Each structure stands twice: as C-alpha cells, then as structure tokens.
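Tertiary structure, described
Listed below are the residues making up each chain.
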Amino acid sequence: MTLHEEQETVQSAMKATLSGLQEDPWLTQRVLANAKGEEPVVKRVSATVIIAIALIVVAVTGALAAGLGLFDQLSHDPRGDSRLSAVDQFAEPIGREWTTEDGITIRIEQAYFEGNRVFIAYRMSGSWNATELHEGAPEETISWSWEEPDMIAAQTMISDIPERQQAILQLDGSGQRWIATTDIGLHDDLSLADGTYLDIIGGDDIIQADGSVIGWKECEIPEDCLSDTLTFQARLYRNRSIMYQDGTTYRQATERGETTSFEFTLRQNHDLTHLRGSGKGHEYTASVELTAGRIDLRGKITVTCPASWIQVWGTWENPENLDIIGGWALCRDGAVIEEDGVQGIAMAGENQLVFEVLFDTTDDLNNLTLVPIYEDQQPRMDEAIPLSKE
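Reference entry: report on the structure contained in this document.

About the thresholds
- All residue numbers refer to positions counted from 1 along the written sequence of the respective chain.
- With pLDDT at 70 or above as the cut-off, local features in this predicted model cover only qualifying residues; side-chain atom pairs require 80 or more to be listed or tallied, and sums for whole chains, interfaces and linings still use all residues.
- To obtain the side-chain values, all non-hydrogen atoms of the structure were included, while hydrogens and water were left out.
- Buried and open spaces are told apart on a 1 Å grid over the protein atoms alone, a cavity being a set of points where a 1.4 Å probe fits but cannot get out and a pocket being an open set with protein on both sides within 12 Å along at least five of seven lines. Residues with an atom within 4 Å of a point are the lining residues.
- Grid points are joined across faces, edges and corners, and a volume is the space filled by probe spheres set on the points.
- Helical segments are the DSSP runs of H or I of at least four residues, strand segments are the runs of E of at least two, and each set is numbered from the N terminus.
- Charged means Asp, Glu, Lys or Arg here, nonpolar means Ala, Val, Leu, Ile, Met, Phe, Trp, Tyr, Cys or Pro, and polar covers whatever is left, Gly included.
- Only rings of Phe, Tyr and Trp enter the pairing, Trp through its six-membered ring, and a pair is recorded when the two centres are within 6.5 Å. The plane angle decides the type: under 30 degrees is stacked, over 60 is edge-to-face, the rest tilted.
- Burial status follows relative accessibility: with a 1.4 Å probe on protein chains alone, a residue under 20% of its type maximum counts as buried, one over 50% as exposed, and anything between as partly exposed.
- Over a ring means this: the NZ of a Lys or the CZ of an Arg is within 6 Å of the ring centre and within 35 degrees of the ring normal.
- Whether two strands pair comes down to DSSP finding at least two bridges between them.
- Polar contact criterion, stated in full: a pair of N or O atoms within 3.5 Å, where within protein one must be able to donate a hydrogen and the other to accept it, and residues adjacent in sequence count only if both atoms are side-chain atoms.

A few words now on the layout of surface pockets. Space inside the largest pocket adds up to approximately 740 Å³. N116, E220, R298, G299 and K300 are the residues nearest the centre of the largest pocket, which is lined by 30 residues in total. When residues of the lining of the largest pocket are traced back to their parent elements, those giving at least two are β8 (197-207), β9 (213-220), β13 (273-280), β14 (285-292), β15 (296-304), β18 (342-347) and β19 (352-360). Grouping the constituent residues of the lining of the largest pocket by class yields seven nonpolar, nine polar and 14 charged. The space that makes up the second largest pocket amounts to roughly 640 Å³. In terms of lining, the second largest pocket is formed by 29 residues, of which the most central are W128, I161, R164, D183 and Y237. Residue assignment for the lining of the second largest pocket shows that the elements contributing at least two residues are β3 (117-125), α7 (162-168), β6 (176-186), β8, β9, β10 (229-246) and β11 (249-256). Grouping the amino acids of the lining of the second largest pocket by side-chain chemistry returns 14 nonpolar, eight polar and seven charged.

Structure, rendered in structure tokens:
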C-alpha cells in the first residue's frame with residue numbers, strides 16, 4: 001500500500017471501531033475555549049478508557065500488518081493481478097534472503113504451490129542495472145545479434161528504468177550514438193531442483209522509488225513432475241548489451257554472464273475441485289474442463305465449429321463478418337459474475353478451437369454456467385453451459 005492508502009485504511013478501521021461512541025460535548029467546549037484563548041475545562045479520562053483506546057490502536061496496527069504481505073501489496077498495483085490477494089491468504093512466508101558477490105540481494109518473501117502451479121513474490125535490491133550513453137560508434141569489434149534498417153530506437157523502444165529511458169531518447173537517428181547497459185534480474189521462468197523447466201504463465205516486476213524491485217511469478221509444473229513436496233529454483237541472470245543507433249539503422253548485441261540459483265521447498269495444496277460441462281449452439285458443440293482451487297478457476301473450452309471460424313482466428317481477418325464466439329462469461333443463476341475470462345485461443349485441427357479461460361476464485365461453485373460472447377459483446381444466455389462437479 002501507499003502511505004495514503006494505509007492512512008485511509010487506519011481511518012476507516014478507527015471509524016468502524018469507534019462508531020458506537022457518543023459525541024463528547026466536553027471536547028467541543030475545549031476546542032472552542034482554545035480558539036477564544038480561554039482556559040479549557042479539564043475532564044479527567046479514566047484509565048479504562050485509555051487502555052481501551054490503546055488496544056484499538058494496537059488491533060488496527062496489527063490488522064494492517066497482517067494485510068501487508070507482498071502478494072497483497074502487488075495486487076494493489078495498477079498493473080497487479082486481482083488473484084494475488086487470494087494468493088496472499090494461503091502463501092507460505094518463505095522469508096529467505098541471499099546476497100551475491102556482486103552485491104545483489106534477493107529475498108523470496110512468499111510462495112505458494114497449488115495443483116500444477118507455483119507462485120512466488122520477491123524483492124531485489126543492489127546495483128542491478130547500469131546505463132552509459134556514448135557519442136559516435138563503438139570502437140570494439142562487435143558481432144551484432146540484431147540489425148534493423150529504418151528503425152529508430154527513440155521512436156520504437158521504451159524502458160521502465162528512468163536513466164535508460166532518457167538515454168534511449170538520444171538514439172533519435174540524428175547521428176551515431178550507442179548505449180552500454182548491464183542488467184541483473186530473475187529469469188522469467190523457474191525450475192525444479194533437477195533442472196526441469198517451469199514455464200512462466202503470469203507475473204510482473206515493479207521498480208520502487210528507492211531503486212529496488214518487487215515482483216511475482218506464476219509458473220506451470222509438468223504433470224509428470226508433480227509431488228507432494230517439491231524444491232524449486234529461481235535463477236539470477238546477468239546480461240551486458242550494446243544498443244547502437246547508426247543514423248536510421250539500429251544494431252544490438254547481448255552478452256550473457258553468470259547465473260546464480262536460489263532454492264526453496266514447498267508443499268502442494270491438493271484442495272481442488274474439477275468442473276465439467278458440455279453444450280451446443282447453432283453451429284458448434286463445446287466441452288468444458290475447469291479446475292477450481294483457492295486462487296482461481298481455470299481450464300479450457302474445446303469448441304468444434306465450422307472451418308470458417310478457424311480461418312478467422314488463423315488470419316485475424318473476418319471479411320464476411322461472421323458472428324463467431326470470441327469470449328466466455330462466467331455466470332451464476334443467470335447473472336454474469338465475470339464478463340470474459342479468455343486468456344488465449346488455439347487452433348486444434350481444421351474445425352476445433354481451444355479457449356483457455358481464467359476466472360477469479362469463488363467460494364460457491366453451485367449453479368455456475370459458462371456463456372459464449374459473440375461479436376456484439378453480449379453474453380448469449382440461451383447457450384449457457386451448466387458446470388457440474390466431478
């Protein structure tokens with residue numbers, strides 16, 4: 001939370017806790033007397049009231065501290081994920097910290113292992129980036145990994161790092177300039193202790209005012225690697241790059257440095273519920289497989305449809321203005337509770353589409369349906385697919 005948000009939270013908690021107390025005319029009299037320069041009338045406050053107020057303040061402070069897990073903090077960022085508040089409730093407080101020889105400190109604050117996914121929330125501090133702007137051309141012989149004519153970095157590239165963004169703006173195509181950069185950070189993916197790759201499917205990192213970084217990752221574990229307890233690795237990369245703007249031609253080369261690994265062990269949450277359903281519309285049939293856990297409701301919808309639908313999704317063009325399914329809403333008792341949970345659409349053969357969907361967690365899994373959304377962006381309630389628990 002920001003300081004302003006914390007102040008608002010404290011104020012709301014105090015108002016709620018003190019809402020049953022009566023107004024104090026003695027306090028009003030004292031304020032008025034002070035305004036007039038008079039000696040206020042003294043009203044003694046009992047020790048019981050003082051203790052009660054102290055307990056209220058302690059309780060509010062404790063409530064704030066309990067709600068300030070890093071996952072919860074990340075959920076309130078404008079770029080955050082609404083599911084992270086739920087992750088914060090169930091995540092293990094890892095609190096493990098490592099400092100490398102080059103002065104980078106990595107702290108994994110929280111982590112959570114549910115089904116075939118692992119979530120981590122972390123902090124990173126130290127000199128994890130550097131930017132140097134130079135005039136002219138690099139003197140050293142460089143094997144360029146990327147060369148793009150008619151590309152100007154100042155018009156096409158952007159960085160979250162303030163000093164690097166200022167440097168990029170100098171690569172404006174008006175002459176020869178180059179930037180030398182160094183970057184240290186956590187790889188997007190995680191891995192198991194034996195090196196098995198865990199693909200990232202969600203995450204972000206956010207630079208703080210003091211130059212440190214906070215972030216989170218959600219990675220997927222292969223089904224044949226699942227176990228009640230797993231040891232995971234987060235890996236720190238080191239890169240050095242040259243970004244060279246030679247008039248209107250852009251060139252870049254990247255050299256990878258050493259990698260440092262950090263391990264932590266988690267137990268798996270098995271508290272999952274599987275939902276299935278099937279349905280059909282005028283031109284399609286659909287089957288649904290979803291898994292509900294503590295964090296979210298996710299899965300896939302396989303739609304068998306005309307080949308023309310496949311053509312639209314394959315080319316991103318719809319010259320015939322076909323009225324095809326583009327999304328799916330989650331409903332309960334005929335009312336929409338999440339408008340569209342589609343995360344991706346894949347083509348499976350000549351007449352099948354697979355929609356990957358993700359919805360926020362819900363405590364009530366009864367009377368749920370999935371409803372298709374067509375080109376008019378309106379849920380088609382008459383084609384609702386009922387979901388039932390396995």
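Moving on, there is more to tell.
Attention now moves to the packing of aromatic side chains. Using the criterion set out here, one finds nine aromatic pairs in the structure. With centroids separated by 6.2 Å and ring planes inclined at 40°, the aromatic side chains of Y284 and W309 adopt a geometry described as tilted. Within this pair, whereas Y284 is found in the loop between β13 and β14, its partner W309 is found in helix α8 (residues 307-315), the two being separated by 25 residues in sequence. For the pair Y284 and W309, a shared accessibility class is recorded, and that class is buried. Pairwise contacts between aromatic rings join F113, F232 and F264 into one cluster. Lying across the ring of Y374, R380 places its NZ or CZ 3.9 Å from the centre.

Here the focus is the pairing of β3. Within β3, seven of the nine residues are buried, leaving the element largely enclosed by the surrounding structure. Sheet analysis places strand β2 (residues 105-114) next to β3, joined by nine bridges and oriented antiparallel. Bridge pairing in β3 places I106 opposite M124. If you look at the hairpin formed by β2 and β3, you'll find two residues sitting between the two strands, and G115 has a positive phi there, around 60°. Pairing of β3 with β9, which is carried by eight bridges, proceeds in the antiparallel orientation. From the neighbouring strand, R123 faces β9, where its bridge partner is I214.

A few words now on the sheet that holds β15. An order of β18-β19-β15-β14-β13-β22 is seen for the six strands of this open sheet, with the pairing classed as antiparallel. Two strands lie at the open edges of the sheet, namely β18 and β22 (388-389), each paired on one side alone. Here nine bridges tie β15 to β19, and the two strands are oriented antiparallel to one another. Residue pairing across strands places D296 opposite D360, the latter belonging to β19.

We now examine the sheet that holds strand β17 (residues 335-338). An order of β17-β16-β20-β21 is seen for the four strands of this open sheet, with the pairing classed as antiparallel. On the outer flanks of this sheet lie β17 and β21 (385-386), each paired with one strand and no other. As paired elements, strand β20 (residues 368-373) and β21 share two bridges and run antiparallel to each other. Paired with T369 across the strands is P386, a residue of β21.

Tracing the chain through its elements places S75 in helix α4 (residues 70-75). On the basis of relative accessibility, which here comes to 14%, the residue S75 falls in the buried class. One polar contact links the side chain of S75 to the main-chain carbonyl oxygen of D72, over a distance of 2.6 Å. Side chain to side chain, S75 and H76 meet in a polar contact 3.3 Å long.

Remember, this is a structural readout, not a statement about activity or role.
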